[in-house]
Amino acid sequence: MTEPALETRDLGSVAEPLLVFGGVYSNLEAFEAIEKVARERGIPASHMVHTGDIIAYGADPAECAGKLHDLGCPAIKGNVEQQLFDGAIDCGCGFDEGTGCDLLSVQWYAFAKSRVSDALCRWMGTLPDHLTLSMGGVSIRVVHGTPSQVNRFLYGPEPEAEFTGELDNVTEDLIIGGHSGFPFFRRFGARGWLNTGAAGIPADDGTARGWYAVLTPADGGVEIALHGLEYDHEQTIAKLRAAGLPEPYAVAMQGGPVPNRDTLPQALQARAGKRLDFAVEKMKARTLASAS
Ligand SMILES: [Fe+2]
């Protein structure tokens, strides 16, 4: 069977700051906090980018999908948008069979599927698979999992070849991905890979913060800043419990262990529970980087 061609939408050259977020995961309070950050930074919806999975663990799947639709910001399909559009019976996250996330995802996916309208599911299916843009001369491709696979997990500490093998499939300098839910930035020579983490669930760092990134044009390149997102997680947790959704997600939203901790790369398990913070990184345009 031939796989359908991926749809890529080009945003062109972006000269103003871009707020990139993904993995809202049906967490309305986190989404509202992202909007507040954008307002405070003077970033309009046209310069907000969602990297997929607007729906997952939380209690407000229809509200979050509706808000993303109404916001009208550039957004791509995650595996969850694709599965809901296809009318699939599971989230297509790619969890190993029988793992905690595999078993728990059955519950939130069924909950979401029962609440999101057919019209919103059809709209999610119209979202592109990838976005491309350039900023400060740096060419960027926004994907959900990896360029080759919507539901491939790359958490950050994997061997370099796992990333360079994917980078070999594309021409861009910087990949921005989501899906795995853990924020990181890594360099591979003059190229880079950014995961903005998930807005809607913490990164197992002992805090209740979600994550997003702001990309800002800089002299001959782009500055990349990963930020923790403070929001009213207690309200989110109360709604999740009232909806009868799985308790392990409530624990994770409080900053406790994520349900898939035992399946994560060893390096992530070793740092679990320790607060994450990131320095601002700078990537140069590849022509400048290779000339310097
Ligand atoms: Fe995903």
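Anything mentioned here points back to the structure above.
Residues numbered from 1 in each chain as written. Predicted model: local features only at pLDDT ≥ 70, side-chain atom pairs only at ≥ 80, totals over all residues. Heavy atoms only, no water.

1. Structural notes on the coordination of the iron ion
So, step 1. Within the protein, the atoms that donate to the iron ion are Asp-53 (OD), Asn-79 (OD1), His-144 (NE2) and His-179 (ND1), at distances of 2.0 to 2.2 Å.
So, step 2. In this structure, the iron ion is coordinated by 4 donor atoms arranged in irregular fashion, with angles at the metal of 85 to 150°.
So, step 3. When the donors of the iron ion are listed by position in the chain, the intervening gaps give D-x25-N-x64-H-x34-H. Taken together, the residues span a long stretch of sequence, with Asp-53 in the loop between strand 3 (48-50) and helix 2 (61-71) and Asn-79 in helix 3 (residues 79-86) at a distance of 26 residues.
So, step 4. The exposure class of Asn-79 is buried, given its relative accessible area of 2%. (Donors = N, O, S within 2.8 Å, 3.2 Å for Na, K, Ca; no water. Tetrahedral: all angles 85-135°; square planar, octahedral: opposite > 155°, others 65-115°. Helix = DSSP H or I, 4+ residues; strand = E, 2+ residues; numbered from the N terminus. Buried < 20%, exposed > 50% of the residue type's maximum accessible area, 1.4 Å probe, protein only.)

2. A word on the pattern of salt bridges
So, step 1. All told, the structure shown has 16 salt bridges when counted by the stated rule.
So, step 2. Asp-173 is the salt-bridge partner of Arg-286, the closest N and O atoms lying 2.5 Å from each other. Here Asp-173 lies in the loop between helix 6 (160-167) and strand 6 (174-177) and Arg-286 lies in helix 10 (residues 286-291), a separation of 113 residues in the sequence.
So, step 3. Connected through salt bridges with shared partners, the residues Asp-205, Arg-209, Arg-275 and Asp-277 form a single ionic network. (Salt bridge = Lys/Arg side-chain N within 4 Å of Asp/Glu carboxyl O.)

3. Side note on the packing of aromatic side chains
So, step 1. The full count for this structure, using the stated rule, is 12 aromatic pairs.
So, step 2. Here Phe-21 and Phe-31 contribute two aromatic rings whose centre-to-centre distance is 5.8 Å and whose plane-to-plane angle is 45°, an arrangement assigned as tilted. Taken together, the residues span a long stretch of sequence, with Phe-21 in strand 2 (residues 18-21) and Phe-31 in helix 1 (residues 28-41) at a distance of 10 residues.
So, step 3. The exposure class assigned to Phe-21 is buried, which follows from its relative accessible area of 0%.
So, step 4. An aromatic cluster of at least three residues, connected via ring pairs, comprises Tyr-25, Tyr-57, Trp-108, Tyr-109 and Tyr-249.
So, step 5. The ring of Phe-31 carries Lys-67 above its face, with NZ or CZ at 5.9 Å from the centroid. (Phe/Tyr/Trp six-rings, centres within 6.5 Å; stacked < 30°, edge-to-face > 60°. Lys NZ or Arg CZ within 6 Å of the ring centre and 35° of its normal.)

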